[in-house]
Number of protein chains: 2
Amino acid sequence: MRRTITGFSNPTVKLLKSLRDKKHRRREGLFLAEGLRLLTDAREMGRLPQMLVMAQGRDAHPLLAALEADVMGAGGEVLETSEDILAKITGKDNPQAVCGVFAEFDTALSTIARESAPIWLVAQAMRDPGNLGTMLRTGDAVGAGGLILLDDSVDPFSVEAVRASMGAIFTQKLAVARWEEFLPWLRSGAGQLVAASLREAVPYRGAPYAGPCFIMVGNESRGLPEDYEMACDLRVTMPMKGRADSLNAAVAAAVLAYEVVASLED
Amino acid sequence: MRRTITGFSNPTVKLLKSLRDKKHRRREGLFLAEGLRLLTDAREMGRLPQMLVMAQGRDAHPLLAALEADVMGAGGEVLETSEDILAKITGKDNPQAVCGVFAEFDTALSTIARESAPIWLVAQAMRDPGNLGTMLRTGDAVGAGGLILLDDSVDPFSVEAVRASMGAIFTQKLAVARWEEFLPWLRSGAGQLVAASLREAVPYRGAPYAGPCFIMVGNESRGLPEDYEMACDLRVTMPMKGRADSLNAAVAAAVLAYEVVASLED
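Conventions and cut-offs
- Residues numbered from 1 in each chain as written.
- Chains lettered and ligands numbered in written order.
- Predicted model: local features only at pLDDT ≥ 70, side-chain atom pairs only at ≥ 80, totals over all residues.
- Least-squares fit on C-alpha atoms with pLDDT ≥ 70 in both.
- Contact = placed C-beta atoms within 7 Å.
- Helix = DSSP H or I, 4+ residues; strand = E, 2+ residues; numbered from the N terminus.
- Nonpolar A, V, L, I, M, F, W, Y, C, P; charged D, E, K, R; others polar.
- Buried ≥ 20, exposed ≤ 12 C-beta atoms within 10 Å, placed from the backbone.
- Pairing = 2+ DSSP bridges.
- Axes fitted to C-alpha atoms, helices over the stretch in contact; angles between N-to-C directions.
- Parallel < 35°, antiparallel > 145°, perpendicular 65-115°, else oblique.

**Brief notes about the relation of the copies chain A and chain B**
At step 1: The two copies are related by a screw motion: chain A maps onto chain B through a turn of 180 degrees and a shift of 0.1 Å along the axis, at an RMSD of 0.1 Å. Such a combination of turn and shift is consistent with a two-fold rotation axis.

**Some thoughts on the interface of chain A and chain B**
At step 1: If you look at the interface, chain A gives 29 residues, while chain B gives 29 residues.
At step 2: If you list the elements that add at least two residues to the side of chain A that touches chain B, you get α6 (129–142), α8 (168–171) and α11 (249–265) of chain A.
At step 3: The class makeup of the residues in the side of chain A that touches chain B is 15 nonpolar, eight polar and six charged.

**Side note on the pairing of strand β8 (residues 173–177) of chain B**
All names here are of chain B.
At step 1: Within β8, four of the five residues are buried, which leaves the element mostly enclosed by the surrounding structure.
At step 2: Two elements, strand β7 (residues 146–150) and β8, share five bridges in a ladder whose sense is parallel. Bridge pairing in β8 links Leu147 to Leu174.

**With respect to the environment of Ala262 of chain B**
Residues and elements named next belong to chain B.
At step 1: For Ala262, the location among the structural elements is in helix α11 (residues 249–265).
At step 2: Residue Ala262 is classed as partly exposed on the basis of its 18 C-beta neighbours within 10 Å.
At step 3: Taking C-alpha positions, Ala262 is 45 Å from Gly75, a pair spaced 187 residues apart along the chain.

**Focus on the sheet that holds strand β4 (residues 77–81) of chain B**
Neighbouring strands of a sheet are bound in pairs by backbone hydrogen bonds; such pairs are parallel or else antiparallel.
All names here are of chain B.
At step 1: Taking strand neighbours across the sheet as the criterion, the five strands line up as β1-β4-β3-β5-β2 in an open arrangement whose pairing is mixed. Edge positions in the sheet fall to β1 (2–5) and β2 (30–34), since each of these pairs with one other strand and no more. Shown here is a sheet whose adjacent strand axes are inclined to one another by a mean of 20 degrees, direction ignored.
At step 2: Examined bridge by bridge, β2 and strand β5 (residues 98–103) share five bridges and lie antiparallel to one another. The partner of Leu32 across the bridge, within β5, is Val101.
At step 3: Strand contacts of helix α3 (residues 36–44): β2 and β5, with the helix running at about 125 degrees to β2, the strand carrying the most contacts.
At step 4: Strand contacts of helix α5 (residues 83–90): β1, β2, β3 (51–55), β4 and β5, with the helix running at about 130 degrees to β3, the strand carrying the most contacts.

**Let's talk about unusual backbone geometry**
Leaving glycine aside, a negative phi is the common case for residues, and trans is the common case for peptide bonds.
At step 1: Here the amide bond leading from Gly211 of chain A into Pro212 of chain A is cis, since omega sits at -10 degrees, within 30 degrees of zero.
At step 2: With respect to the helices and strands, Pro212 of chain A occurs in the loop between β10 (202–203) and β11 (213–217).
At step 3: Residue Met166 of chain A is not a glycine yet carries a positive backbone phi of 50 degrees.
At step 4: Look at Glu200 of chain B: it is not a glycine, yet its phi comes out positive at around 45 degrees.
At step 5: Turning to its location among the elements, Glu200 of chain B is positioned in the loop between β9 (192–196) and β10 (202–203).

**As for the environment of Leu32 of chain B**
All names here are of chain B.
At step 1: Note that Leu32 resides in strand β2.
At step 2: Between the C-alpha atom of Leu32 and that of Arg163, which follows or precedes it by 131 residues, the distance is 9.5 Å.
At step 3: Dropping the residues within four chain positions of it, Leu32 is found in contact with Leu16, Leu19, Thr90, Cys99, Val101 and Val159.

**Structural notes on the packing of helix α6 (residues 129–142) of chain B against α11 of chain B**
Residues and elements named next belong to chain B.
At step 1: Orientation of α6 relative to α11, taken along the N-to-C sense of each, is 10 degrees, at an axis distance of 9 Å. With respect to each other, α6 and α11 are oriented roughly parallel. For the pair α6 and α11, contact is made by Asn131, Thr134, Met135, Thr138 and Val142 and by Ala249, Ala250, Ala253, Ala254, Ala257, Tyr258 and Val261, respectively.

**Here we look at the pairing of strand β12 (residues 234–237) of chain A**
Regular strands place their side chains on alternate faces of the sheet.
All names here are of chain A.
At step 1: Note: strand β9 (residues 192–196) against β12, three bridges, orientation parallel. Looking across to β12, one finds that Val194 is bridged to Leu234.
At step 2: For β10 and β12, the ladder comprises two bridges, and the chain directions are parallel. If you follow Pro203 over to β12, its bridge partner there is Thr237.

**With respect to the sheet that holds strand β6 (residues 119–124) of chain B**
Residue and element names in this part refer to chain B.
At step 1: Spatial strand order, β8-β7-β6-β11-β9-β12-β10: seven strands in an open sheet with parallel pairing. Every interior strand has two partners, whereas the edge strands, β8 and β10, have only one.
At step 2: Running at roughly 170 degrees to β6, α6 makes contact with β6 and β7 of the sheet.

Set out below in structure tokens:
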């Protein structure tokens, strides 16, 4: 179905705008993703939006035409609207010319096939959606299987997290679990749990990494709880040559992940 | 001097609040930094705020008492105010109990002593203050000398950048320059310019790094201009195993910097 919407008070506009709030995303089971590149990534991964929202007066593009055709073919809806309304929906002053509304994924731990990838990233009580999206993006780059969010982490389906993931929200698996659920699951199969730590740790370079390797980072202010660290199979230290005693969480995950990639390939 | 301020319309409150805008920071030559830990880092680096702003009813702390004494001793001002007014000044709902007003540093390229550190980070047209602060924080961790911002980068003295730096704004040197100024400066002495690139590049692991090594990353959306890449002494590639063709800029800088640290120490 194809429609044109011109009014700010249109109920669909209100619904789409409400998806900026976690509460409404959860209730509707929907989230927003912006930009032709990201939507094309999703499409090539077999994920089509239920609704495609496009700016009137946008430039024609073969990938956009392909996307439109696929969404229509799958029984989805295509909306045309003004750039002002798109800006209101996405909360961005200069919105991308197209955005899509997707059904949220199943984030149960049981959807993770651990043997399908040599690396998995794990984040505990992550607060910053930019860090979360960046971890997904890094996971894509290092060939990780996905990201497991522990305890009370920020919502991975927020516009900010999806944006920072640069499309990796569609290529990486995503699971949400409490530690009490995660640890027994991890121990029910193969998997090495690794964290950066100052407690009984070995240098991160040359450490005995083994796949599937689960690289865990902690909350941005508090780091990992001590018992989480002590439950790890391997604790590693990274050089900290200055006054700071920690790295940004997404940075620490990336430096470790690239080391694990190199180590597993040797 | 010590004062207590209770009114939102007090001119000092208005001045402090205005420092959230780059225009006002530049006019006043001042910036804000929050939190006892960060202010203590600054003090231990010999940087005292001109003005210290503290919440009434804060917990006593020996480091805060030391800071207060030093600021008073140096002829600075100590202000006490309500938590509400602190929240208004810093733009944060739950503000830290203390913040300081610092004179902006001299960011001329001529203040950089390149031989004083084995690594320097360089960011071109960086747009995100969180990425900028994260690069300063990473620089501190890897023992870099500082961060050089090229072309139209976001302001390093914004509250967000200072916050993300976790105090490294005070431990890292900071320079701001245009490419046309940076390249001749670089070539006037020792210095290897390195960037992640897909053009005639070698694998980033085992590449022939040499100090002082200048690690350059590009704008978050566009990457580095081609001529900047071609002016590098060394172009390196990092594995990209997924669909994405790039990493977050601060992540790329960190992964490269840790590789350079390890390489220079071998």
